[in-house]
Amino acid sequence: MTHPPARPTRRATLTALLAAALAAASVVLAPPVQAAPGTSCTGSTVHGSAVQDGGTWRAYRGSTQLWAGPDMLTAINRAVEGLDAGRTSKQRVVVNGSGTMSANARITLPSYTTLESCGTLHVTGTGSGNVAGVYMRGATDIEVARLHLTGTPVYGIFARDVDNLRLREIDMRLSGGGIGVRIDNHGDRSRFVRNITVNSLYVSGAGSHALETYGVDGLTVGTVTARGVGESGVLLNETINATVSLVDAQDAGTGTGYAAFRLANRAGRIGASYPTNIRVGTVKAVGGGRGVFCVSESGGLRIDRVELRATGNNPVLVENCTNVDLAPAGGTISGGEVRLAARSDMPQTRDVTLQNLTLSNGARVVERPCVANLVIRNVTGGSVTRC
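Residues numbered from 1 in each chain as written. Predicted model: local features only at pLDDT ≥ 70, side-chain atom pairs only at ≥ 80, totals over all residues. Heavy atoms only, no water.

What follows is about the packing of aromatic side chains. A complete count under the given rule lists 2 aromatic pairs for this structure. Taking 5.6 Å as the distance between ring centres and 5° as the angle between the ring planes, the aromatic pair formed by Y135 and F158 counts as stacked. Of this pair, Y135 sits in strand β9 (residues 132-145) while F158 sits in strand β11 (residues 155-168), placing them 23 residues apart in sequence. The buried category is assigned to F158, whose relative accessible area is 0%. Among the aromatic residues, those joined into a ring-pair cluster are Y135, Y155 and F158. It is R290 that lies over the ring of F293; its NZ or CZ is 4.6 Å from the centre. (Phe/Tyr/Trp six-rings, centres within 6.5 Å; stacked < 30°, edge-to-face > 60°. Helix = DSSP H or I, 4+ residues; strand = E, 2+ residues; numbered from the N terminus. Buried < 20%, exposed > 50% of the residue type's maximum accessible area, 1.4 Å probe, protein only. Lys NZ or Arg CZ within 6 Å of the ring centre and 35° of its normal.)

This brings us to the pairing of strand β18 (residues 278-286). With 8 bridges joining them, strand β16 (residues 234-250) and β18 adopt parallel strand pairing. Its bridge partner lying in β18, A249 is registered against A285. Here β18 runs beside strand β20 (residues 298-309); their pairing, made up of 8 bridges, is parallel. Paired with V280 across the two strands is I303, which belongs to β20. (Pairing = 2+ DSSP bridges.)

Of note, D248 is situated in strand β16. Note: C-alpha distance between D248 and C370 (122 residues apart in sequence) is 31 Å. Apart from residues no more than four positions distant in its own chain, D248 is found in contact with V224, T225, A226, R227 and K284. (Contact = heavy atoms within 4.5 Å.)

Attention shifts here to the pattern of salt bridges. By the definition in use, this model includes 23 salt bridges. One salt bridge in this structure joins R168 and E169, with 3.7 Å as the shortest N-O distance. R168 gets classed as partly exposed once you look at its relative accessible area, which sits at 22%. Residues E238 and R189 are paired through a salt bridge, measuring 3.8 Å at the closest nitrogen-oxygen approach. (Salt bridge = Lys/Arg side-chain N within 4 Å of Asp/Glu carboxyl O.)

Moving on: the state of the cysteines. Per the stated rule, a full pass over the model turns up 2 disulfides. The partner cysteine of C294 in its disulfide is C321, sulfur to sulfur 2.2 Å. The S-S bond linking C294 to C321 shows a torsion near -110°; that makes this disulfide left-handed. Remark: C321 occurs in strand β22 (residues 321-326) and C294 occurs in strand β19 (residues 290-294); sequence separation between them is 27 residues. Here C294 matches C321 in class, with each residue buried. (Disulfide = S-S within 2.5 Å.)

So, on to the side chain of N77. By the element assignment, N77 lies in helix α2 (residues 72-81). Setting aside chain neighbours within four positions, we find N77 in contact with R106, I107 and T108.

In this structure, M136, I157, I183 and F261 are the most contacted members of the largest nonpolar core, which totals 90 residues. Sequence-distant contacts of F261, that is, excluding residues within four places in its chain, are made with V234, L236, V247, V280, V283, G291, V292, F293, L301 and I303. (Core = buried A, V, L, I, M, F, W, Y, C linked by side-chain atoms within 4.5 Å.)

Before going further, it helps to spend a moment on the confidence of the model for the chain. Mean pLDDT over the chain: 91, with 90% of residues reaching 70 or higher. With pLDDT under 50 throughout, residues 1-33 is counted as low confidence; its partners more than four residues away or in other chains account for 5 contacts. (pLDDT = per-residue confidence, 0-100.)

Turning to unusual backbone geometry, a few remarks are in order. Among all residues save glycine, negative phi is the norm, and among peptide bonds the norm is trans. Note that the residue after R368, namely P369, is joined by a cis bond; omega there is -5°. Of note, P369 is situated in the loop between β26 (364-367) and β27 (372-380). Non-glycine residue N195 carries a positive phi angle of around 65°. Within the element layout of this structure, N195 appears in strand β14 (residues 193-206). We classify N195 as partly exposed; its relative accessible area is 43%. For N241, which is not glycine, the phi dihedral falls at a positive 55°. In this structure, N241 sits in strand β16.

Moving on, we get to the environment of V324. On the secondary structure map, V324 appears in strand β22. When the C-alpha atoms of V324 and G222 are compared, they prove to be 21 Å apart, with 102 residues separating the residues in sequence.

Because side chains alternate across strand β8 (residues 121-124), one face comprises the buried residues L121 and V123, and the other comprises H122 and T124, none of which is buried. With 4 bridges connecting them, strand β5 (residues 99-102) and β8 associate as parallel partners. Opposite S102, over in β8, you have T124 as the bridge partner. For β8 and strand β10 (residues 148-151), the ladder comprises 3 bridges, and the chain directions are parallel. Residue L121 lies in a different strand from β10, and its bridge partner there is L149.

So this is what it looks like as structure tokens:
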């Protein structure tokens, strides 16, 4: 004989309902960005943390508290200082919370350190010199991940003489200040800094460039998105062996000679020659100053595709550059003068190819003075004036 299943008792039913309610409450009440000491907001294990606890910030090494007080910056720097001295592999510090810091102060990262942000760091006031939201100098093997920065920093991130640097998912929504990211070798210009990776960078409202490099050998960039920055979206100075997937700029350098993408100060020059070593997938520019600008004995440049529209200055200016290949995969230019030029105090512009371009809204190509070994092919929709 088959019996019906036993009904749950009233006590069992109430117990199950209470457990479900408690589980639901724990999900609802969990803070969106904070985590227990020793873990990141994604749940992965870290070595140090700066955790916001109401109006108090606490610095931890693992789960051991090192410091507590009202200041976010002190908590972050104490957590970094609490990592193993003399380490030879990366240790990670997470910032669990959001807070403010002065534009005249900085988070300082030594070698073999990863900084991960799970909140927003807001920079206030004005600063001067090489101060930055995140600062590093004379170091190696550093990573900054998921940094969200607002306010008015002199530099959002400043790296001088730093090798093996990785910037990952950087988002800066600024209201002035200076440069979003600056990476250079100006502490020791006898050598390039090496092995720099920027997987994604968004910068709006900066007073200067979104990303600037100077003296870098070995640069890999995914996407740089620049919105309303005062100067260039990406500026590579004296930089070689670089790959950039996408520069996407709107209103970059409005009213200036800067560009969505600019190459300057012998960027791309290796020894005394210009082999193709700076490769860019796509440059997009809407409004702003120039679209693409190669200047001051730079070159070795290939930009596969361009989409340039309504730039206030030249959509393209190639001036005193060698070996520039523009748009082998095609492109569009709306409005303005594509200028091939040279100043008399530098070597003549040479070995330039413009191809597969569709010009519209009065866009034109002008060569003046003459370029040595200029190739123009499959350029349609506008005029071409040779020297």
